[in-house]
Amino acid sequence: MTTTLEQAKTAAIPQGGGLHRRLNMATAMIGGIVFASLFWYLAHHFLDATSRTYSDEVAGSLTIGWIVGFWLGIGAFVAPLRWLIGRDNTRADDLYLAGQGQGTSRYWKFTTDHKVVGVQYIIMTMVLLGAGGILAMAIRTELIVPGNHFVNQQVYNGFIAVHGMLMILALIVAVAGPWGNFVVPIMCGARDMAFPRLNALSLWTLVGAAGLLLTTLAVGSLTMGWVVLEPIADQAGVGMDFFAMAIIVFTVSTTVAGVNTICTILTMRTKGMTLARLPIFVWGAIIAAALGLYAFPYFSLVEAQTLMDRTFSTSFFVANAGGTGWLQANLFWLMGHPEVYVILLPAVAALFEIAAVMSRKPVFSYRSAVAGMTGLAGLSILVWAHHMFTTGWAPTLGGPFMLTTELISIPTGLFFLVLIGTLWRGNIWMKLPTIWMFGFIANFIIAGVTGIYLSDIPLDDQLHGTMFVTAHFHYVFVGSVLFGAVSALAFWYPKVTGRFLNEFMGRISFWLTFIGVQVTFLAMFASGLRGMPRRYSSYAFIFEHTNLMTTIGAYIIMAGMLVLLGAVITSWNKGEPAGPNPWHANSLEWMVPTPVPLENFEVLPVITEDPYNYGEELVRS
Amino acid sequence: MSIDTHSELDAHGAHDGGHHEPPEVVDGRQRMGVWLFIGGDMIGLGALLFTYLYLRGVNSGGHWMSMWGYTGHPYSYYYNILDVKGGSIPNPKLIHVGTLSAGLNWLVTVLTVVSAGIIWAAERGLRATKNAKSYSTLAAASTVVTVVAIVFTVIQLRHIPQIFSAHNDSLTMAYTAYDSAMMAIVGSTLIHLIVLAFLGLGLTIRSARGAINGTKWYQARLVRFFWVWVAVASVIISAVTTTINTIH
C-alpha cells in the first residue's frame, strides 16, 4: 500500500510552472523577512520620529512588509501579474501548479491540488493547536497555585491573548480546512475546487497570518485578551499591531476560502448530485462558509479600526474625541458569535456523516439536519449582544437578545436528535471515529446546557467575566469541536494516507483527553461559580483546590494530544493498510482509489441515489 | 451512493481535467465567485456605515464632530509647537472644518460612476460589434478616469482635519469620531479604486493582446459586475455621509 505522498513521485514533472518552479515556503519566509526589514528600515527613516504613534507606524509597516514579502516569496502575485499582461497559464503550468510528479516537495509550495491543500491544512491545524496548547499549559502552570510566578503578569496577559486567538484560528480551520478541501470536491464529484489558485492563496495567507500571530509573543505587551478589548487595545504595546494585522490577513484567507467552497459546491456538482443527495458534510461546509462570509468582514474592520487608532490617531474607541468602546464590542461580537458556528457546524456535519457510515443507517431526518444547521446559522447573527449584557449597552434590548439566544437551543436540539436518531438501533461499529463522536455527544450536552445559563440575564450578571464562562466555551471548543475534529481525522485519515490511524494509540488518546476535559473544565466551572474572575494571573486561596485540579486536567489533555500526535505521525507510513473504502461507505470520496489521482475521477460519475442507502449490508466482519 | 461511471454525459475527459474547460462553464463559476465577493464587500460597506452612524448616534462627550480643527501641516508640526513652546496653540492654522467637502465627495462618486458607465458601454459594444480595439480604448479611458478619482480621494484623505485631544495626560493631535469614520470610508474607497485601476489596466492590455475579444468576453463582464458595484457603493456612501452628518 502506497500513500498519497509516495504515488505522486511516479508521474513526470510537467514542463510549465515558470517562476513557481523556484518558489516554496523557504523563499516565502525569506521574502517575508527581507520585506519586513525593508519596510521597517523605510518606516524608521522616513516617518516622523517625534510622533506619539511612531512606534506603531513602524510596527504596522513591518507587518505589511512581512505579508507582502511572504506573498511574493510563495508566488501569490504571479497569477495576477500574468493576468494583467495577458499571459494566461498553459496546461503544463496548471499541471505543475497542481503538483504533478513533485513528491513531498509539493506540500511546501503554492500547490493548487485540493488534496495537497487539504493535507497542508492538516499540518497547519496541528501547528496552531500545538502552539496554542503549549501556551495553555503555560497559563495553567502559572495558575497551579495562587501567587505563582512562572511568568510575569505582562507575559501572562500575552499568553492569554495569543492562546485564545491561536486556538480560535486553529478551530476555524480544523475541520473545514482539511476536509473542506480534501473530501468536499470529491464528495461533489468535482475534479478540484472552483478556484484552485485561490485555494492555495487562502492556505498560504493563513500561514503568513500565523507567522505574524506567533511573532506577537516575542514583541509582547498584549494586554487586551483575545477579544481585543477597547480602549485597552489602544494602549497596548506594539505587539497589538502585529496581532491586529494577523487577524486582518486571516480574514482575507477565510473570505477567499469561503467563496471557493460555496462556488465549488454550487457550481461543480456532478450530474445527478442534487442538493437533496449531497452528503450531509457538504451541507455543513457550505453553511459554515456562508456564515464566515457574513461574519469576517466585521472582524477585519474592527481590527483595522484598532490599527488606525494606534497609527493614525483616529478616535474610533477614544471617548474624549467622540469614540466609544461599545463600537468595538458590537463589531467584534457581530463577528464573534457567528464565528462560534463557523467553527462548530463543520464538526457537527462531519459527525452526522460518520454516524451514518458507522451505524449503517441513513442520516436520521436529513432535512432536519440541514434545517438545524441553516437555522443555527440564521439565528447566530441575531444574538451578538448577549456578550454585552453586563456592559450597560442598550439594556432595553436585553430581553430580545435573551430570547434569540435561547432560541438557539432549538436547532442545537435538532443536532442531538439527528445524531442519536442516526445511531439508534444502528449496527454501530465502535472504531476510533465513533468513539470520539460519543465523546463529542457527552461534552456537547454540558456545553449546550451551560450556555443556556449564560443566556439568562439574571444569571449572566453573576457569572459574566468568571471562569464559568471560560469553562463553558472550552466545553464547546475543546470538548465538542476538538472531539469532532479528531473523529473526522480518524475517519478520513485512511483516504489521505491509505492507512488507518493507530487504533490503540487513538483510544488511549481519547480516554486521556476525555477524562482530562472533565477534570479541567468541571473544576473550572466550580471556580467560576465561586466567583473566580477570568484572565487573572493569580487568585485568592479559596480557589486553590479547583485550580490545582484544572491544571492537572489540562496536563492530562496535553498528554492525550501528544499521544494523538504520535499516532498521526507513526500511522502515516507505518499504519495498518486500509484500502480505498475501509468503512464500506457509499459517498464518492470512498469510490475513488487511494491515493486519489490528480483530478480525482477518470470519468465524472453520474449520481442516481443518495449516499446513505446501505441496504442490508452489515459492516462487521 | 449508486453511480454510473461510464456515462456518455461526461463533458470532460480525464486529460482535460478541470483546468481547461469551456469558457461558458468557467464563466458561470467565476460569475458566482464575483457575486460572492461582492456580497462580502456589501457586508464590509454595511459595517463601515454602521460605524459611521453608530458613532454619530452615541456622540460620546459631544465630540462626534468638531467645528474647528487644524490642517495643512504634518502632525509633528503641532506636536513640536506643543512641546517646545509650552502648549501654545498654532493660531494661524485654525480653520473652520465641520463636515468634509461634500463637493469633493460627490466628485469622486461621479468619476466612479462615469468610469463604470464607460466600462459597461465598452462591454456592450464588444459583445455587439466584436471590436476588441475599441473595447481596449474605452477600458483605458475608464482606467484613466479611475486614476483621476484616486487622485481626488488622496486629496480628500490629506484634508481630513485634526483636533487637539488629551491622551495619556498630555495634549496631542487626534481625529474626531466623524473624521475617523470618514477616514475609514475614504480609505476603503481608495482601496477599491486601486483595485479597479488594476482591473481596468488588465482589461486594456488583455483586450489589446487578444485575450479578451468578441467571442471571449466573459472576464469583461465579471469585472463590470464589480465595477458597477463599487459605483453603487460610492453613491450610497456619498448619499449617507453628505445628508446625515451634523448633529443639531
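Everything quoted here is computed from the prediction, not taken from an experiment.

### Concerning the packing of aromatic side chains
Next up, step 1: What the rule picks out here adds up to 43 aromatic pairs over all chains.
Next up, step 2: With centroids separated by 5.4 Å and ring planes inclined at 70°, the aromatic side chains of A:Tyr294 and A:Tyr298 adopt a geometry described as edge-to-face. Here the residue A:Tyr294 and the residue A:Tyr298 both occupy positions in helix α13 (residues 280-311), the gap between them amounting to four residues, near one helical turn.
Next up, step 3: Under the relative-accessibility criterion, A:Tyr298 is labelled buried at 10%.
Next up, step 4: An aromatic cluster of at least three residues, connected via ring pairs, comprises A:Trp179, A:Phe182, A:Phe281, A:Trp429, A:Phe491, A:Trp492, A:Phe500, A:Trp583 and A:Trp590.
Next up, step 5: Just above the ring of A:Phe500 sits the side chain of A:Lys431; from NZ or CZ to the centre is 5.8 Å.
Next up, step 6: The ring of B:Trp217 has B:Arg127 sitting right over it, with the charged end atom 4.0 Å from the ring centre.

### A few points about the nonpolar core
Residue and element names in this part refer to chain A.
Next up, step 1: Counting residues in hydrophobic clusters, the biggest one holds 270 residues, and the most contacted among them are Trp179, Phe243, Ile280, Phe281 and Trp492.
Next up, step 2: Among the elements that make up this core, the one with the highest residue count is helix α14 (residues 325-359) (24 residues).
Next up, step 3: Residue assignment places this core across two domains, with domain 1 (4-17 + 93-99 + 111-590) and domain 2 (18-85) each supplying three or more.
Next up, step 4: Excluding anything up to four places from it in sequence, Trp179 contacts Ile122, Ala174, Val184, Phe281, Ala488, Leu489, Trp492, Tyr493 and Val496.

### Observations concerning the interface of chain A and chain B
Next up, step 1: Taken residue by residue, the interface counts 71 residues in chain A and 64 residues in chain B.
Next up, step 2: Approximately 5700 Å² of surface area, both sides summed, lies buried where chain A meets chain B, with 66% of it carried by carbon and sulfur atoms.
Next up, step 3: Broken down residue by residue, the surface that chain A buries against chain B is led by A:Arg52, A:Trp83 and A:Leu84, which jointly contribute 12%.
Next up, step 4: One can count one salt bridge joining chain A with chain B.
Next up, step 5: Between A:Asp88 and B:Arg206 there is a salt bridge, and its shortest N-O distance comes to 2.7 Å.
Next up, step 6: For the pair chain A and chain B, the interface holds eleven residue pairs in polar contact (both at pLDDT 80 or more).

### Focus: helix α21 (residues 503-529) of chain A
Residues and elements named next belong to chain A.
Next up, step 1: Taking 1.5 Å per residue, 27 residues should reach 39 Å; α21 reaches 38 Å between its end C-alpha atoms and fits that length.
Next up, step 2: Its side-chain oxygen at 3.0 Å from the backbone nitrogen of Phe504, Asn502 defines the N-terminal cap of α21.
Next up, step 3: Note on α21: the residue one or two positions beyond its end, Gly531, has a positive phi of about 105°.

### Observations regarding the domain arrangement of chain A
Residues and elements named next belong to chain A.
Next up, step 1: By the assigned domains, chain A splits into domain 1 (4-17 + 93-99 + 111-590) and domain 2 (18-85).
Next up, step 2: If you look at the interface, domain 1 gives 24 residues, while domain 2 gives 23 residues.
Next up, step 3: With both sides pooled, the region where domain 1 packs onto domain 2 buries about 2000 Å², and carbon together with sulfur makes up 68% of that total.
Next up, step 4: Sorting the residues of domain 1 by area buried against domain 2 places Gly17, Trp204 and Thr311 first, and these three jointly supply 26% of that buried surface.
Next up, step 5: Taken together, the connections running from domain 1 to domain 2 amount to two salt bridges.
Next up, step 6: Between Asp93 and Arg82 there is a salt bridge whose closest N-O contact spans 3.4 Å.
Next up, step 7: Applying the counting criterion to the domain 1 and domain 2 interface returns six residue pairs in polar contact (both at pLDDT 80 or more).
Next up, step 8: Of the residues forming the side of domain 1 that touches domain 2, the biggest block, eight residues, is contributed by helix α10 (residues 196-219).
Next up, step 9: Residues that form the side of domain 1 that touches domain 2 fall into these classes: twelve nonpolar, eight polar and four charged.

### Brief notes about the state of the cysteines
Residue and element names in this part refer to chain A.
Next up, step 1: Scanning the entire structure with this criterion turns up zero disulfides over all chains.
Next up, step 2: For Cys263, which is in no disulfide, the shortest distance to another cysteine sulfur is to Cys188 and amounts to 12 Å.
Next up, step 3: Classification of Cys263 by relative accessible area gives buried; the value is 0%.

### Observations regarding the packing of helix α3 (residues 102-129) of chain B against helix α4 (residues 132-158) of chain B
In helix packing, the relevant descriptors are the interaxial angle and the interaxial distance, both defined with respect to the helix axes.
Residues and elements named next belong to chain B.
Next up, step 1: With their axes 9 Å apart at the nearest point, α3 and α4 run at an angle of 170° to one another. What the angle tells us is that α3 and α4 run roughly antiparallel.
Next up, step 2: For the contact of α3 with α4, the residue count by class is 18 nonpolar, seven polar and one charged.

### A short note on the confidence of the model for chain A
Next up, step 1: On average, residues of chain A score 93 in pLDDT, and 97% of them reach the 70 mark or higher.
Next up, step 2: Mean pLDDT values over the elements of chain A span from 49, in helix α1 (residues 4-7) of chain A, up to 98, in α21(A).

### Things to note about helix α2 (residues 25-46) of chain A
Residue and element names in this part refer to chain A.
Next up, step 1: Helix length check: α2 (22 residues) gives 31 Å between terminal C-alpha atoms against 32 Å at 1.5 Å per residue, within 8%.
Next up, step 2: Turning to α2, its buried residues number three or more, namely Ala28, Gly31, Gly32, Ala36 and Ala43. Down the axis of α2, the buried side of the element spans an arc of 125°, and every buried residue falls inside it. In α2, the exposed positions angled more than 90 degrees off the buried face are occupied by Ile30 and Ile33.
Next up, step 3: Residues of α2 that are buried in the fold lie against α3 (54-74).
Next up, step 4: Sitting at the amino-terminal end of α2 is Asn24, which places a side-chain oxygen 2.9 Å from the backbone nitrogen of Ala26.

### Describing the confidence of the model for chain B
Next up, step 1: Counting all residues, the mean pLDDT for chain B is 83, and 75% of those residues have values of 70 or more.
Next up, step 2: The weakest mean pLDDT in chain B belongs to helix α2 (residues 75-84) of chain B at 49; the strongest belongs to helix α5 (residues 177-208) of chain B at 97.

### Some thoughts on the pattern of salt bridges
Residue and element names in this part refer to chain A.
Next up, step 1: Under the defined criterion, the tally for this structure stands at 13 salt bridges over all chains.
Next up, step 2: Here Glu503 makes a salt bridge to Arg507, at a shortest N to O gap of 3.0 Å. Within this pair, Glu503 and its partner Arg507 are both found in helix α21, separated by four residues, close to a single helical turn.
Next up, step 3: Of the residues examined, Arg507 reaches a relative accessible area of 33% and is grouped as partly exposed.

### What about a nonpolar patch on the surface?
Next up, step 1: A cluster of nonpolar side chains, namely A:Leu38, A:Trp40, A:Tyr41, A:Leu42 and A:Phe46, defines an oily patch on the protein surface of about 540 Å² accessible area.
Next up, step 2: Judged by its relative accessible area of 67%, A:Phe46 falls in the exposed class.

### Digging into unusual backbone geometry
Next up, step 1: Cis geometry marks the peptide bond from A:Glu230 to A:Pro231; its omega dihedral reads 5°.
Next up, step 2: Looking at the secondary structure, you find A:Pro231 in the loop between α10 and α11 (232-235).
Next up, step 3: Here the phi dihedral of A:His584 falls at roughly 55°; this positive angle occurs in a residue that is not glycine.
Next up, step 4: Along the polypeptide, A:His584 turns up in the loop between α22 (544-574) and β1 (606-607).
Next up, step 5: A positive phi angle, close to 60°, is found at B:Lys130, a residue other than glycine.
Next up, step 6: For B:Lys130, the position within the fold is in the loop between α3 and α4.

Reading the values: rules and limits
- Residues numbered from 1 in each chain as written.
- Chains lettered and ligands numbered in written order.
- Predicted model: local features only at pLDDT ≥ 70, side-chain atom pairs only at ≥ 80, totals over all residues.
- Heavy atoms only, no water.
- Phe/Tyr/Trp six-rings, centres within 6.5 Å; stacked < 30°, edge-to-face > 60°.
- Helix = DSSP H or I, 4+ residues; strand = E, 2+ residues; numbered from the N terminus.
- Buried < 20%, exposed > 50% of the residue type's maximum accessible area, 1.4 Å probe, protein only.
- Lys NZ or Arg CZ within 6 Å of the ring centre and 35° of its normal.
- Core = buried A, V, L, I, M, F, W, Y, C linked by side-chain atoms within 4.5 Å.
- Domains from an automatic or database assignment.
- Contact = heavy atoms within 4.5 Å.
- Buried area = accessible area lost by both parts, 1.4 Å probe.
- Salt bridge = Lys/Arg side-chain N within 4 Å of Asp/Glu carboxyl O.
- Polar contact = N/O pair within 3.5 Å; in protein donor to acceptor, adjacent residues only side chain to side chain.
- Expected span 1.5 Å × (residues − 1).
- Nonpolar A, V, L, I, M, F, W, Y, C, P; charged D, E, K, R; others polar.
- Disulfide = S-S within 2.5 Å.
- Axes fitted to C-alpha atoms, helices over the stretch in contact; angles between N-to-C directions.
- Parallel < 35°, antiparallel > 145°, perpendicular 65-115°, else oblique.
- pLDDT = per-residue confidence, 0-100.
- Arc of directions from axis to C-beta.
- Patch = residues over 30% accessible without salt bridge, like charges linked within 9 Å, V, L, I, M, F, W, Y side chains within 5 Å.
- Areas by Shrake-Rupley, 256 points an atom, 1.4 Å probe, with all protein chains shown as cover.

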